[in-house]
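Single-letter residue listing:
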Amino acid sequence: MNTAASFTRWLLAPIAAAALLAGCASQQGIVPSSAQLRDAASLGLSAEQAAAEVAPVAPQWWHALGDAQLDRLVDQALQGNPNLRMAQARVARALAAADGADAARGPQLNGAFDATHQRFTAKGMIPAPLAGRIEDTATLQLNGSWEIDFFGKHRAALDAALGNAQAAQADAAAARTLLSTNVVRSYVQIARLQEQRALAERALAQREAMLGLVRERAAAGLDGVLELRQSEGTVPEARQQLEAVNEQLALAQNALAALIGQPAQNPLRSPAQLAALQPLPEPQALPADLLGRRADIAAARWRVQAAGSEVDAARAQFYPNINLVATVGLSSIGLNQLLSSGAQQWGIGPAVRLPIFDAGRLRANLRGRNADLDAAVESYNAAVIEAVHEVADQLASARSVALQRAQQQQALQAAESAYDIAGQRYRAGLSSHLQLLSAESAVLAQRRLDADLRARTLQAQVNLAQALGGGWQADAPQAR
């Protein structure tokens, strides 16, 4: 009984001494982080200022466009894009680091076997009969240790690792949002260019028809060389415009093929139809909970938490490390004696390591971690400001494009009405075919502008869906 009490006092004495000496390495004079996180109210996202409740974006928001081919392309991109797989690999690495930090909090057990063939000195402190002899020595033992986390160093390291893992997961979700958005943007661009190509082909045919009429009029003496040369110049110009559209279309198709991981193939099984794409819902105000909808902001917030935990871990480095160590095994001189009776050995006891003087290493580390925390906070603040700015810009663009389309539709209707009147006059013999073709030129110009504005409307809606988070939800699995 007395032996047990003596052992307990012997075991606890170094721990008590470590607690008394915990203040030897000083943190005095190190200024803690002063950066402050921006909240929703400071960004003008209060519920009172929101004009209307903004519904969250659906996780697979692109389905609302109503194009099965586009749905297939997005799914294909999400399954095979290398950048997305790299993001997933970073998640796996961060989770492994968190597992490693968690394992450091538990007991450790190692096995060891050592065998040495050696000559013992005859002129030292080695007694007879070993002095001057050559013998084999061997040790077979288990070594155990357990660092007791009195001051929270390992707990803080685990929290930091978990924060980094959460940030990596949010980064992967943000990469998914960006990838799906880029696929939709490329598809809309291809649809616009295919419509522009059809209009450019019609414009070329119209210019060639006008040139034929001018040649006939010049042969009849109704037009001169000037009119003929002017008309001849419009045909190669129309061909150049058509080729420029073909180039843009080829580049857009290549970009889409790269996004889905098939750069050597045509990504489209059928032509993309701009008119077949349905409009997306457009919110009229900034959502009050915008900061909770975006994966990139969540990632920045997790990095702030991880940086704060790293500060706690750096602060805990100033305190003692308290370990319980134990060994049990066999040791002998002569391999034939290793497993014999009496070769057993064991030991158990505490080990305390206290930093007293390290030339300022711990203080420098703590100052650096505080600076990292300041940087993480300001990075978060920059991200939330940019997010609000991005949504505000996309809302403004969507509203402006809608107004532009309303005005352009009136211009298109006027041009089509003029073309109809010119056709009636031509069929009645009151105007020439050349006048009819000139009226059609105005219609083609307005239709090209209409295609551009319809594509811009869809692009603005797509950009707004991305700015509103792309359907990301915290702690929810992302659909593949």
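Below is a short write-up of the structure. Since this is a predicted model, take the numbers as computed values, not measurements.

## A word on the packing of aromatic side chains
Under the counting rule described, the total for this entry stands at two aromatic pairs. For the ring pair tryptophan 61 and tryptophan 62, a centre distance of 5.7 Å and an interplane angle of 80° mean the geometry is edge-to-face. Considering the side-chain rings of phenylalanine 151 and tyrosine 319, the 4.9 Å spacing of their centres and the 15° angle between planes classify their relative orientation as stacked. One end of the pair, phenylalanine 151, is in the loop between β2 (134–148) and α4 (153–219); the other, tyrosine 319, is in the loop between α6 (295–316) and β3 (321–333), and 168 residues separate them in sequence. The class of phenylalanine 151 is partly exposed, set by a relative accessible area of 33%.

## As for the layout of surface pockets
Of the volumes computed, that of the second largest pocket is approximately 360 Å³. In terms of lining residues, the second largest pocket is bounded by 17 residues, among which Ala174, Ala175, Thr177, Leu178 and Gln466 are the most central. Of all the elements in the fold, those that place two or more residues in the lining of the second largest pocket are α3 (82–103), α4 and α6. If you tally residues by element for the lining of the second largest pocket, the top one is α4, at seven residues. Here the lining of the second largest pocket is composed, by residue class, of seven nonpolar, six polar and four charged.

## A few points about the sheet that holds strand β4 (residues 344–353)
The antiparallel open sheet is built from four strands, whose spatial order is β1-β2-β3-β4. The open sheet is flanked by β1 (108–119) and β4, the only strands paired with a single partner. Strand-to-strand twist in this sheet, taken as the mean axis angle between neighbours without regard to direction, amounts to 20°. Of the pairings in the sheet, the one linking β1 to β2 comprises twelve bridges and is antiparallel in character. Looking at β2, one finds that leucine 109 is bridged to glycine 144.

## Re the pattern of salt bridges
Within this structure, the stated rule accounts for 15 salt bridges. For the salt bridge of arginine 192 with aspartate 452, the shortest nitrogen-to-oxygen distance reads 2.7 Å. Here arginine 192, found in helix α4, pairs with aspartate 452, found in helix α8 (residues 433–467); they are 260 residues apart in sequence, far enough to count as distant. Using a relative accessible area of 15% as the deciding quantity, one classes arginine 192 as buried. A salt bridge links arginine 447 to glutamate 416, with the nearest nitrogen and oxygen atoms 3.5 Å apart.

Parameters at a glance
- Residues numbered from 1 in each chain as written.
- Predicted model: local features only at pLDDT ≥ 70, side-chain atom pairs only at ≥ 80, totals over all residues.
- Heavy atoms only, no water.
- Phe/Tyr/Trp six-rings, centres within 6.5 Å; stacked < 30°, edge-to-face > 60°.
- Helix = DSSP H or I, 4+ residues; strand = E, 2+ residues; numbered from the N terminus.
- Buried < 20%, exposed > 50% of the residue type's maximum accessible area, 1.4 Å probe, protein only.
- 1 Å grid on protein atoms, 1.4 Å probe; cavity = no way out; pocket = protein on both sides within 12 Å on 5 of 7 lines; lining within 4 Å.
- Points joined across faces, edges and corners; volume = space filled by probe spheres on them.
- Nonpolar A, V, L, I, M, F, W, Y, C, P; charged D, E, K, R; others polar.
- Pairing = 2+ DSSP bridges.
- Axes fitted to C-alpha atoms, helices over the stretch in contact; angles between N-to-C directions.
- Salt bridge = Lys/Arg side-chain N within 4 Å of Asp/Glu carboxyl O.

Coordinates in, geometry out; function isn't part of it.
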